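# Chains, contacts and geometry: an overview
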Number of protein chains: 6
Amino acid sequence: MKKSVVLYGDLLERLSPPGLEKLVQANRYEVRFTGGEANVGVSCVNYGMDAYVVGRVPKHEIGQACINYLRQYGLDTTYVARGGERLAILYTETGHSQRPSKVIYDRNHTSFSGIVPGMLDWDEILEGKDWLHFTGTAPAMGEGPREELLRGLKIAKRMGISVSVDYNYRRKLWDRESARKTMETLMEYVDVGIGNEEDCEAVFGIKAEGTDFEKGNVDEKSYSIVAGKMIEKYGLKMQAITLRESISASRNGWSAILHDGRKCYTSRNYLVDLVDRIGGGDSFAGGLIYGLCSGMEKQSALDFAVAASCIKQTIPGDFNLASKEDVLALVNGDASGRVQR
Amino acid sequence: MKKSVVLYGDLLERLSPPGLEKLVQANRYEVRFTGGEANVGVSCVNYGMDAYVVGRVPKHEIGQACINYLRQYGLDTTYVARGGERLAILYTETGHSQRPSKVIYDRNHTSFSGIVPGMLDWDEILEGKDWLHFTGTAPAMGEGPREELLRGLKIAKRMGISVSVDYNYRRKLWDRESARKTMETLMEYVDVGIGNEEDCEAVFGIKAEGTDFEKGNVDEKSYSIVAGKMIEKYGLKMQAITLRESISASRNGWSAILHDGRKCYTSRNYLVDLVDRIGGGDSFAGGLIYGLCSGMEKQSALDFAVAASCIKQTIPGDFNLASKEDVLALVNGDASGRVQR
Amino acid sequence: MKKSVVLYGDLLERLSPPGLEKLVQANRYEVRFTGGEANVGVSCVNYGMDAYVVGRVPKHEIGQACINYLRQYGLDTTYVARGGERLAILYTETGHSQRPSKVIYDRNHTSFSGIVPGMLDWDEILEGKDWLHFTGTAPAMGEGPREELLRGLKIAKRMGISVSVDYNYRRKLWDRESARKTMETLMEYVDVGIGNEEDCEAVFGIKAEGTDFEKGNVDEKSYSIVAGKMIEKYGLKMQAITLRESISASRNGWSAILHDGRKCYTSRNYLVDLVDRIGGGDSFAGGLIYGLCSGMEKQSALDFAVAASCIKQTIPGDFNLASKEDVLALVNGDASGRVQR
Amino acid sequence: MKKSVVLYGDLLERLSPPGLEKLVQANRYEVRFTGGEANVGVSCVNYGMDAYVVGRVPKHEIGQACINYLRQYGLDTTYVARGGERLAILYTETGHSQRPSKVIYDRNHTSFSGIVPGMLDWDEILEGKDWLHFTGTAPAMGEGPREELLRGLKIAKRMGISVSVDYNYRRKLWDRESARKTMETLMEYVDVGIGNEEDCEAVFGIKAEGTDFEKGNVDEKSYSIVAGKMIEKYGLKMQAITLRESISASRNGWSAILHDGRKCYTSRNYLVDLVDRIGGGDSFAGGLIYGLCSGMEKQSALDFAVAASCIKQTIPGDFNLASKEDVLALVNGDASGRVQR
Amino acid sequence: MKKSVVLYGDLLERLSPPGLEKLVQANRYEVRFTGGEANVGVSCVNYGMDAYVVGRVPKHEIGQACINYLRQYGLDTTYVARGGERLAILYTETGHSQRPSKVIYDRNHTSFSGIVPGMLDWDEILEGKDWLHFTGTAPAMGEGPREELLRGLKIAKRMGISVSVDYNYRRKLWDRESARKTMETLMEYVDVGIGNEEDCEAVFGIKAEGTDFEKGNVDEKSYSIVAGKMIEKYGLKMQAITLRESISASRNGWSAILHDGRKCYTSRNYLVDLVDRIGGGDSFAGGLIYGLCSGMEKQSALDFAVAASCIKQTIPGDFNLASKEDVLALVNGDASGRVQR
Amino acid sequence: MKKSVVLYGDLLERLSPPGLEKLVQANRYEVRFTGGEANVGVSCVNYGMDAYVVGRVPKHEIGQACINYLRQYGLDTTYVARGGERLAILYTETGHSQRPSKVIYDRNHTSFSGIVPGMLDWDEILEGKDWLHFTGTAPAMGEGPREELLRGLKIAKRMGISVSVDYNYRRKLWDRESARKTMETLMEYVDVGIGNEEDCEAVFGIKAEGTDFEKGNVDEKSYSIVAGKMIEKYGLKMQAITLRESISASRNGWSAILHDGRKCYTSRNYLVDLVDRIGGGDSFAGGLIYGLCSGMEKQSALDFAVAASCIKQTIPGDFNLASKEDVLALVNGDASGRVQR
């Protein structure tokens with residue numbers, strides 16, 4: 001029987017100039033819809049799971065376009081409420097070589113931030129589901145969405161549904177103190193924590209000693225210790241940390257670790273020529289959730305998640321459109337990119 | 001010496017699907033920047049005037065892109081303040097035949113609406129200028145921009161600068177009562193009022209008897225009476241009204257009247273196959289301001305304004321990119337569209 | 001409770017040059033997926049119904065792209081089987097003025113034509129549904145799909161599900177004799193027949209006297225008689241006929257009649273400036289099915305269907321993306337195309 | 001056996017903004033290659049003739065791109081010399097409704113204008129060919145190309161090859177006096193003269209009495225007299241005149257007459273919704289040459305030429321991509337534009 | 001005098017999403033026409049040879065578009081027969097980094113596969129030509145094209161025309177046994193065999209010991225032995241093998257060897273950042289044929305072919321659009337890519 | 001107070017195929033306007049300076065489009081004269097890996113080359129400005145522009161304005177002797193000389209011993225000696241030389257030196273994955289002028305200029321759209337390209 005995941009979070013319209021143009025020179029935008037949690041859902045769908053997005057978008061055509069876009073990739077949008085003023089906008093420009101990618105947020109006053117506690121029927125939404133996932137940007141959107149999330153987490157806990165969170169710290173959304181304060185109230189309900197090389201320090205103040213990710217120096221061992229501390233402090237079952245080595249804006253090292261309280265698993269390190277790195281972390285989470293849901297060993301789940309997110313970063317857009325077979329081919333060692341014909 | 005016009009109003013990013021696609025099916029947007037007042041300014045620049053835009057946009061790259069777009073068409077952006085949260089967005093889809101064009105506003109919480117009285121240095125801005133123009137959407141954006149406008153109007157009056165307003169009623173921005181209440185406080189400073197076939201009734205409650213513009217029935221005589229009433233009630237020097245006959249979404253009749261308190265001038269009626277009707281009214285205002293500033297007779301100014309706005313509606317985008325020569329060729333009767341080679 | 005419709009038919013990849021280019025000069029194609037029955041389903045979804053597409057597409061990425069495209073617009077693709085060799089292709093170029101639109105079919109050896117009887121679980125598919133619709137192109141695709149359709153029709157009949165057919169004669173798919181022979185075996189199960197001004201003669205040999213649609217001469221009365229004969233001969237509950245007056249490739253008259261055995265209802269005649277006429281008949285069928293399912297009076301259902309299909313022909317692509325509100329606005333007389341803002 | 005036509009004239013790179021944008025707002029150009037004579041050749045090829053372009057383009061990649069473009073549509077480019085400085089450029093923007101189309105020439109100092117007499121091997125070029133065609137723009141390009149043309153005309157005459165000219169007056173290239181002086185020296189070798197409603201007056205000073213084409217008033221009878229005078233004065237076998245009624249920039253009446261010294265044939269008048277009117281006259285010439293070469297009666301040849309050029313004006317680009325069958329379908333009365341499927 | 005090559009093989013329409021998009025997310029395709037043999041022909045034309053494509057495409061506009069596309073790049077299409085049902089389609093998506101490129105074939109039931117022996121007039125086609133080339137995909141298309149090829153090979157042999165084959169094994173077209181069985185019947189007529197690092201083993205069972213091309217491990221010496229065996233077994237004059245080291249989907253090592261029975265020549269190894277690797281092998285064959293035809297030494301011919309195919313892989317599309325001068329510049333050592341200005 | 005720079009030079013329309021297509025396969029061009037000096041001005045504007053372009057463009061719409069394009073990025077176009085025949089055209093194709101970029105000039109007979117001495121009001125133009133910059137292509141355009149430049153230089157000298165020149169040698173514009181002869185007459189007025197690794201030898205015959213830039217071998221020490229000689233010979237205050245190591249067409253090393261007569265400063269060497277290298281040298285000059293104008297230390301000015309031009313080469317188009325903050329971030333060591341969010 002198909003496993004199912006529920007994704008709670010904001011939805012955004014992503015506007016990007018074509019190719020490598022900068023925002024300031026754009027006369028056209030490519031239009032995509034995204035959301036840290038929805039991105040995870042698309043991955044899960046591609047691997048054979050059911051995925052239910054829970055959020056809120058306006059009633060007008062842009063809201064509908066968002067719904068349509070998610071449906072296209074197989075997400076179930078039954079639980080996306082309609083109402084409120086506007087859809088969040090994410091402007092992105094893709095960097096290259098020494099030029100960094102840029103992101104402009106226009107995420108306030110949105111339909112999602114207008115969620116008030118009780119607006120969602122969590123009992124119906126979670127009934128019979130296997131997993132609930134959210135990221136740190138959801139509670140960052142305001143007290144309403146935060147309270148509603150808390151309600152959902154409690155019900156999920158009661159129903160025995162696994163819960164994961166991607167800390168996903170964004171300094172343009174909230175400062176570190178607000179993030180920590182809020183996130184700590186939610187950690188009680190979390191089984192699996194996911195973060196990148198910056199998040200654990202930024203949100204929870206747990207620093208990886210001897211590393212300087214700004215200089216591309218990320219050390220697995222230090223992060224293993226960080227992961228262990230997270231598990232201990234917040235009573236997690238597992239903590240995963242993705243490790244990005246920023247060689248340039250268009251070339252990164254990519255790997256991850258997974259700690260289960262007893263052992264820390266490490267993955268292969270991929271040297272990736274980036275096409276679109278946005279959504280990389282989400283595709284890792286999607287791969288990990290699938291791996292854990294489908295009964296893979298932890299090492300295999302980690303390997304699957306890292307290979308999946310490696311491929312994602314070579315695909316335009318936020319969604320990982322790789323199939324399970326595509327990911328397994330990379331896991332099994334074929335990184336040569338020979339034409340499949 | 002060049003005449004100059006100051007334009008006070010909101011600036012927007014206009015996002016449109018290519019061609020005749022609907023918003024709900026768009027995967028690309030054409031990106032343009034616009035504003036009812038900025039549109040007027042572009043017309044004036046094309047006819048040889050100087051035009052100064054007064055408004056406010058964010059400091060980030062989208063704000064800069066807006067500035068750049070306006071500069072491209074010769075607007076002086078020295079007085080566009082930088083700051084605030086976001087730029088307004090206008091989603092548009094172009095209708096055709098029986099399918100109406102649609103507009104979605106995402107205009108709240110913008111940099112412009114965050115203007116607070118005193119933010120602008122009206123004395124410097126207006127020094128040596130000939131004309132000040134605004135539309136009804138500017139005071140609709142909030143109390144701050146409304147108060148700042150009022151300050152500017154008073155200073156303009158004191159300096160002897162001519163003031164025009166395009167009533168430009170938008171029911172998605174405010175209701176009729178709010179509009180009337182606000183607009184009536186501003187009319188005291190206005191010399192030339194401009195409206196379309198709906199505005200005088202919607203904003204000021206002055207109805208054209210025996211007309212039903214929803215059915216494309218617009219009668220010059222009735223509107224002449226309306227114009228006369230407006231002049232009398234608000235002490236205007238002139239009142240112009242554009243008259244649109246909506247045959248279909250892609251074919252309109254287009255004409256206008258101009259009343260000066262003594263006489264009502266009427267224009268030729270153009271049957272226009274529309275390319276982009278947005279900005280049609282603004283290009284009329286631009287033509288009229290230019291005509292009046294440059295010393296044309298009233299009939300000539302009206303004819304110029306109507307021909308100008310006829311051409312505008314055959315050009316993609318909100319700006320009228322026709323030159324004075326282009327407009328005069330149409331005024332002088334060459335509507336045959338023969339190739340110029 | 002939501003009404004539901006089941007759509008049985010072939011699915012195609014539609015490839016079109018941008019704008020008004022001819023196929024022979026194209027260096028890019030716009031890619032859409034379509035199908036006479038799927039198009040009907042999209043209309044029904046937009047009006048609030050559930051719509052289930054039944055067909056077959058290859059397992060590869062092009063098949064998946066087709067699934068995704070249908071999902072995007074809300075179609076339920078659960079019953080689209082995966083397998084077979086290839087997806088049908090439809091090349092189209094859009095004519096204008098005196099230049100006719102053209103269509104090239106590449107529809108043989110497809111996954112759909114490879115359907116063999118028993119491949120579909122009709123009992124599950126039809127369980128609890130309200131309506132089954134197909135068009136004449138489905139049985140034209142081969143004996144397998146024809147037999148499977150017959151199986152479905154019998155089960156639908158047994159379950160008391162309403163059945164409609166759009167005769168949809170395509171001479172590039174089969175000759176008139178084959179069409180008649182096949183279609184007559186299916187008519188026994190049909191409740192509502194739908195055709196255009198050519199179909200009843202082409203498929204069933206029932207000619208509208210005194211009309212010559214090639215010359216744009218279509219007479220409602222003659223077609224009323226045709227409809228009456230169809231009802232009588234095949235025991236239909238209703239027969240609808242759309243009437244297209246081809247003024248030019250880009251301008252058509254558009255109306256329809258609906259006969260219920262006792263009375264023949266006629267619609268308003270719209271003069272349409274065409275954007276994309278492909279899918280016009282399907283959007284009529286979609287509107288009619290919705291109208292009849294939702295309990296409208298016959299005149300209202302006909303009016304809704306004609307207005308809906310009028311709007312469709314102003315929208316790029318095969319799908320009618322108009323909402324119920326959009327259609328009702330036109331039914332209620334607002335054909336002026338004024339901007340909705 | 002295939003008939004063949006030789007086309008002597010300049011070749012140009014045509015740069016056009018997409019859709020209905022003006023040049024001043026373009027950030028992309030569509031790139032096509034053209035030439036009044038090459039356009040004629042493409043028509044002839046489409047009807048089954050061989051067509052040889054004679055001209056000169058630079059050796060660099062833009063010259064090669066021009067060659068490639070012509071080859072694509074079946075023109076034989078063996079006799080296009082390579083050398084010289086630059087390829088001519090033609091900027092075009094497409095008008096609509098009251099907005100006229102515009103053309104900017106950048107045609108000086110080109111490879112073609114650098115032709116010097118003797119550069120072409122006319123004996124080889126003309127050997128075994130049936131027809132030689134040029135337009136007035138070829139001798140307008142300078143003394144070298146003019147002299148070389150004269151050489152070719154003499155050899156063609158000697159070989160008994162039919163010669164046609166499209167007067168094709170362009171005031172941006174030369175004034176009326178220069179044109180007349182030059183053209184009169186060439187008329188001695190011409191069998192068939194072709195002009196539009198302006199050319200005979202502009203070049204040869206033969207005015208159609210009582211007409212004012214600027215106002216769309218073109219009278220067949222007056223032009224019949226003009227044609228007769230042309231034949232008499234210059235010893236032509238035939239004179240054809242196309243008659244364009246400019247209703248607007250996007251809607252024209254289109255017809256033509258053909259005088260053979262004894263009788264003046266007149267064509268049907270098509271009301272054309274224009275897509276791209278550039279190349280309209282060339283496609284008329286192409287249709288006429290084909291008709292006369294292939295042994296049609298004069299009325300049929302005229303009808304073919306007018307129908308062909310009617311269709312051309314509904315196709316983007318300068319080339320008429322209609323087939324003989326397409327043209328004959330329109331000649332035979334099917335102007336309804338029904339989809340061909 | 002110009003040397004000439006005859007190319008026998010299938011022609012395909014290649015549909016590709018723009019840039020690095022995956023097929024499943026494409027809403028536009030770039031349209032190109034291709035064919036393993038036609039690709040070779042374009043190379044030869046660019047170096048100054050005549051190239052005649054022999055194949056079969058449908059009569060409709062897509063077939064014509066294919067013809068036009070080939071003509072554009074100078075191929076002679078006189079011997080492309082017209083008829084049959086459909087043109088083959090090749091969907092491609094371009095991989096990057098760890099994501100492999102993908103190809104979907106829709107190549108059955110095509111006009112080419114419908115060739116029946118005797119359909120082509122080989123005597124006329126081959127008369128006076130210097131070289132005949134085909135690839136393994138031509139006989140893979142069915143018995144008809146296979147038999148017709150055999151007829152042509154025999155006539156070529158009789159006329160003393162050199163014959164080359166690119167083995168070009170595609171497992172999606174046929175299995176290894178079928179390929180071997182068929183290809184062995186054709187080898188009798190072959191002078192020059194060309195393969196990549198997989199072909200000799202896949203088709204003829206001759207494995208390069210100690211290499212594992214899936215891991216990017218290709219050893220020149222092993223392949224030299226393979227080439228020697230091929231020459232011996234099939235009585236070839238020469239055997240060339242291209243060696244691709246797949247570092248990633250966007251970065252490859254590229255080199256080749258050429259064995260003449262006595263000596264094995266090896267080329268420089270280029271590290272290529274790939275733009276479009278499809279057509280790489282064909283451009284090698286084109287370079288080699290040109291080199292051998294034009295009297296180069298074997299080492300020079302090999303160097304030319306490898307440099308040519310290196311450049312090809314940096315050009316979008318299947319055709320190598322590099323000139324002889326471009327190739328020689330690289331052969332002579334300028335791989336720095338300095339701007340040519 | 002804002003510093004200001006005056007830029008004297010030709011303006012061009014740059015036409016480029018999209019992405020990595022070659023010119024010979026382009027059916028669309030991206031349209032940009034450029035000019036070696038204007039490019040410098042855009043950089044200066046981005047860093048907060050005022051920049052005045054001095055040149056000449058035609059009166060028609062293409063000239064206006066050029067003006068608009070420059071205004072968009074903040075250049076002051078008051079001193080761009082209008083008149084003359086045509087705007088220069090620059091066709092570019094972007095190379096990749098072993099395939100070099102290509103440039104085709106169509107720069108003769110332009111409006112700029114038609115400048116005659118006295119046409120410009122240098123006194124007004126230079127009044128109150130801080131810096132005058134030109135490149136070697138300006139005097140290469142003909143005697144008129146050369147004389148007018150000389151006039152300007154003398155006035156600048158008189159006014160005490162700093163003068164810089166980028167030697168910018170282009171062999172397609174003039175030969176080395178002409179260049180040297182002309183440039184030497186201008187050097188008398190120059191304060192700061194700027195060149196690339198080729199220029200000093202090409203224009204002034206001062207060779208860097210032991211280097212071979214064609215092979216990517218550029219040695220800082222040799223160039224330091226060259227710079228010293230330049231300073232001595234021409235009495236410069238400073239000489240800067242950019243050093244490009246052409247690893248491939250898409251990957252370069254990039255650094256520079258700055259000599260002030262006493263000391264030679266050297267910069268960091270960036271390994272750049274190129275997006276668009278055209279304008280790289282101009283952006284160096286722009287950075288250097290800004291640095292020197294704004295009072296940076298020489299080492300800092302050099303570092304700023306090199307970082308700026310490194311970033312430029314990752315941005316499509318000729319203009320460096322990086323802000324001062326963007327450049328400083330790179331100077332300060334963040335070359336990791338981490339997303340800014």
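Scroll up to find the structure this text is about.
So, here's what we can say about the structure.

### Topic: the pairing of strand E2 (residues 12-16) of chain D
Residues and elements named next belong to chain D. Within E2, five of the five residues are buried, which leaves it mostly tucked inside the rest of the structure. Residue alternation in E2 divides its side chains into two sets, Leu12, Arg14 and Ser16 and Glu13 and Leu15, and both sets are buried. One ladder, built from four bridges, connects E2 with strand E6 (residues 88-93); its direction is parallel. Note on E6: the bridge partner recorded for leucine 15 is tyrosine 91.

### Notes on the interface of chain F and chain A
Listed per partner, the contact involves 23 residues of chain F and 29 residues of chain A. Across the chain F to chain A interface the summed buried area is about 2400 Å²; carbon plus sulfur atoms make up 48%. Here chain F and chain A share one salt bridge between them. A salt bridge links aspartate 326 of chain F to lysine 102 of chain A; its shortest N-O distance comes to 3.0 Å. Connecting chain F to chain A are five residue pairs in polar contact (both at pLDDT 80 or more). Looking at the side of chain F that touches chain A, the elements that each hand over two or more residues are strand E14 (270-273), helix H9 (298-312) and helix H10 (324-331) of chain F. The biggest single contributor to the side of chain F that touches chain A is E14 of chain F, with four residues. Residues of the side of chain F that touches chain A, tallied by class, amount to 13 nonpolar, four polar and six charged.

### Considering the environment of aspartate 121 of chain F
Inspection of the secondary structure puts aspartate 121 of chain F in the loop between strand E7 (102-106) and helix H3 (122-126). For the pair formed by aspartate 121 of chain F and lysine 237 of chain F, sequence separation is 116 residues and the distance between their alpha carbons is 28 Å.

### Description of the relation of the copies chain F and chain A
In screw terms, the move from chain F to chain A is a rotation of 120 degrees and a rise of 0.0 Å along the axis, fitting with an RMSD of 0.0 Å. The symmetry that links the two subunits is that of a three-fold axis. Across chain F, the smallest distance between a C-alpha and the rotation axis is recorded for glycine 19 of chain F, namely 4.8 Å.

### What to know about helix H7 (residues 220-234) of chain A
All names here are of chain A. The end-to-end C-alpha distance of H7 is 21 Å, a good match for the 21 Å that 15 residues give at a rise of 1.5 Å each. Taken together, the buried positions of H7 are occupied by Ser222, Tyr223, Val226, Ala227, Met230, Ile231 and Tyr234. Those residues of H7 hidden inside the fold are in contact with helix H5 (176-187), helix H6 (199-204), strand E11 (238-248) and strand E12 (251-259).

### Concerning the interface of chain E and chain C
Reports of interface size often rely on the accessible area that becomes lost once the parts have come together. Chain E puts 25 residues into the contact, and the matching count from chain C is 25 residues. Counting each side, the surface lost to burial between chain E and chain C is near 2300 Å², with a carbon and sulfur contribution of 57%. Three residues stand out in chain E for area buried against chain C, namely Val24, Tyr29 and Glu61 of chain E, and they jointly supply 24% of the buried area on that side. In this assembly, chain E and chain C are joined by four salt bridges. Of the charged contacts, one joins lysine 102 of chain E and glutamate 61 of chain C as a salt bridge, the two residues approaching to 3.0 Å between their closest N and O atoms. Connecting chain E to chain C are 15 residue pairs in polar contact (both at pLDDT 80 or more). When residues of the side of chain E that touches chain C are traced back to their parent elements, those giving at least two are strand E2 (12-16), strand E3 (28-34), helix H2 (61-72), strand E6 (88-93) and strand E7 (102-106) of chain E. Looking at which element gives the most residues to the side of chain E that touches chain C, the answer is H2 of chain E, with five residues. Classifying every residue of the side of chain E that touches chain C by side-chain character gives eleven nonpolar, six polar and eight charged. Both strand E3 (residues 28-34) of chain C and E3 of chain E contribute to a ladder of three bridges, which runs antiparallel. Counterpart to tyrosine 29 of chain C in the pairing with E3 of chain E is tyrosine 29 of chain E.

### Topic: the packing of helix H9 (residues 298-312) of chain A against helix H10 (residues 324-331) of chain A
Residue and element names in this part refer to chain A. One can describe the packing of H9 onto H10 by two numbers: an axis separation of 9 Å at closest approach and a directional angle of 105 degrees. Relative to H10, the element H9 lies roughly perpendicular. Contact residues: H9 offers Asp303, Phe304, Ala307, Ala308, Cys310 and Ile311, while H10 offers Lys324, Asp326, Val327, Leu328, Leu330 and Val331. Residue composition of the contact of H9 with H10, by class: nine nonpolar, no polar and three charged.

### Considerations on the sheet that holds strand E3 (residues 28-34) of chain D
Within the open sheet, the eight strands sit side by side as E7(D)-E6(D)-E2(D)-E3(D)-E3(F)-E2(F)-E6(F)-E7(F). Their pairing is mixed. This sheet does not close on itself; its edge strands, each paired only once, are strand E7 (102-106) of chain D together with E7 of chain F. Going across the sheet, the axis of each strand differs from the next one's by a mean of 30 degrees, ignoring polarity.

### Points about the pattern of salt bridges
According to the stated counting rule, one finds 119 salt bridges over all chains in the structure shown. The salt bridge involving aspartate 106 of chain D is made with arginine 86 of chain D; its shortest N-O contact spans 3.0 Å. Placement of aspartate 106 of chain D in strand E7 and of arginine 86 of chain D in the loop between strand E5 (80-82) and E6 is noted, with a sequence separation of 20 residues between them. Judged by its relative accessible area of 6%, aspartate 106 of chain D falls in the buried class. In this structure, aspartate 318 of chain F and arginine 14 of chain F form a salt bridge, with 2.5 Å as the shortest nitrogen-oxygen distance. Taken together, the positions of aspartate 318 of chain F in the loop between H9 and H10 and arginine 14 of chain F in strand E2 (residues 12-16) put the pair 304 residues apart, joining distant regions of the chain. The residues aspartate 318 of chain F and arginine 14 of chain F share a single accessibility class, namely buried. One network of salt bridges, in which partners are shared, links Arg86 and Asp106 of chain A together with Arg86 and Asp106 of chain B.

### Looking at unusual backbone geometry
All names here are of chain A. Backbone geometry at serine 97 places phi at a positive 50 degrees, although glycine is not the residue there. Residue placement: serine 97 occurs in the loop between strand E6 (88-93) and strand E7 (102-106). The phi angle at asparagine 168 is positive, at roughly 50 degrees, despite the residue not being glycine. Secondary-structure assignment places asparagine 168 in the loop between strand E9 (162-166) and H5.

### Some thoughts on the sheet that holds E3 of chain C
Spatial strand order, E7(C)-E6(C)-E2(C)-E3(C)-E3(E)-E2(E)-E6(E)-E7(E): eight strands in an open sheet with mixed pairing. Looking along the sheet, the strands with just one partner apiece sit at the ends: strand E7 (102-106) of chain C together with E7 of chain E. Neighbour to neighbour, the strand axes of the sheet diverge by 30 degrees on average, direction disregarded. Note that strand E2 (residues 12-16) of chain C and E3 of chain C share five bridges and pair antiparallel. Counted as the bridge partner of glutamate 13 of chain C is phenylalanine 33 of chain C from E3 of chain C. Each of E3, strand E6 (88-93) and E7 of chain C together with E2 and E3 of chain E is contacted by H2 of chain E, which is oriented at about 65 degrees to E3 of chain E, the strand it contacts most.

### Here's the deal with the packing of aromatic side chains
Within the structure shown, the criterion is met by 78 aromatic pairs over all chains. On the numbers, 5.5 Å between centres and 50 degrees between planes, the contact of tyrosine 8 of chain A with tryptophan 122 of chain A is tilted. Highlighted residues: tyrosine 8 of chain A in strand E1 (residues 4-8) and tryptophan 122 of chain A in helix H3 (residues 122-126), separated in sequence by 114 residues. For the residue pair tyrosine 8 of chain A and tryptophan 122 of chain A, the accessibility class agrees, reading buried in each case. Ring centres of tyrosine 29 of chain A and tyrosine 91 of chain A lie 5.9 Å apart, and the angle between their planes is 65 degrees; on these two criteria the pair is classed as edge-to-face. With tyrosine 29 of chain A in strand E3 (residues 28-34) and tyrosine 91 of chain A in strand E6, the pair connects residues that are 62 residues apart, well separated along the chain. Ring pairs connect the aromatic residues Phe33, Tyr69, Tyr73 and Phe319 of chain A, which therefore count as one cluster. Looking at arginine 107 of chain B, its charged tip hangs above the ring of tyrosine 105 of chain B, at a distance of 5.1 Å from the centre. If you follow lysine 129 of chain D out to its NZ or CZ, it ends over the ring of tyrosine 52 of chain D, 4.5 Å from the centre.

Cut-off values and rules
- Residues numbered from 1 in each chain as written.
- Chains lettered and ligands numbered in written order.
- Predicted model: local features only at pLDDT ≥ 70, side-chain atom pairs only at ≥ 80, totals over all residues.
- Heavy atoms only, no water.
- Buried < 20%, exposed > 50% of the residue type's maximum accessible area, 1.4 Å probe, protein only.
- Helix = DSSP H or I, 4+ residues; strand = E, 2+ residues; numbered from the N terminus.
- Pairing = 2+ DSSP bridges.
- Contact = heavy atoms within 4.5 Å.
- Buried area = accessible area lost by both parts, 1.4 Å probe.
- Salt bridge = Lys/Arg side-chain N within 4 Å of Asp/Glu carboxyl O.
- Polar contact = N/O pair within 3.5 Å; in protein donor to acceptor, adjacent residues only side chain to side chain.
- Nonpolar A, V, L, I, M, F, W, Y, C, P; charged D, E, K, R; others polar.
- Least-squares fit on C-alpha atoms with pLDDT ≥ 70 in both.
- Expected span 1.5 Å × (residues − 1).
- Axes fitted to C-alpha atoms, helices over the stretch in contact; angles between N-to-C directions.
- Parallel < 35°, antiparallel > 145°, perpendicular 65-115°, else oblique.
- Phe/Tyr/Trp six-rings, centres within 6.5 Å; stacked < 30°, edge-to-face > 60°.
- Lys NZ or Arg CZ within 6 Å of the ring centre and 35° of its normal.

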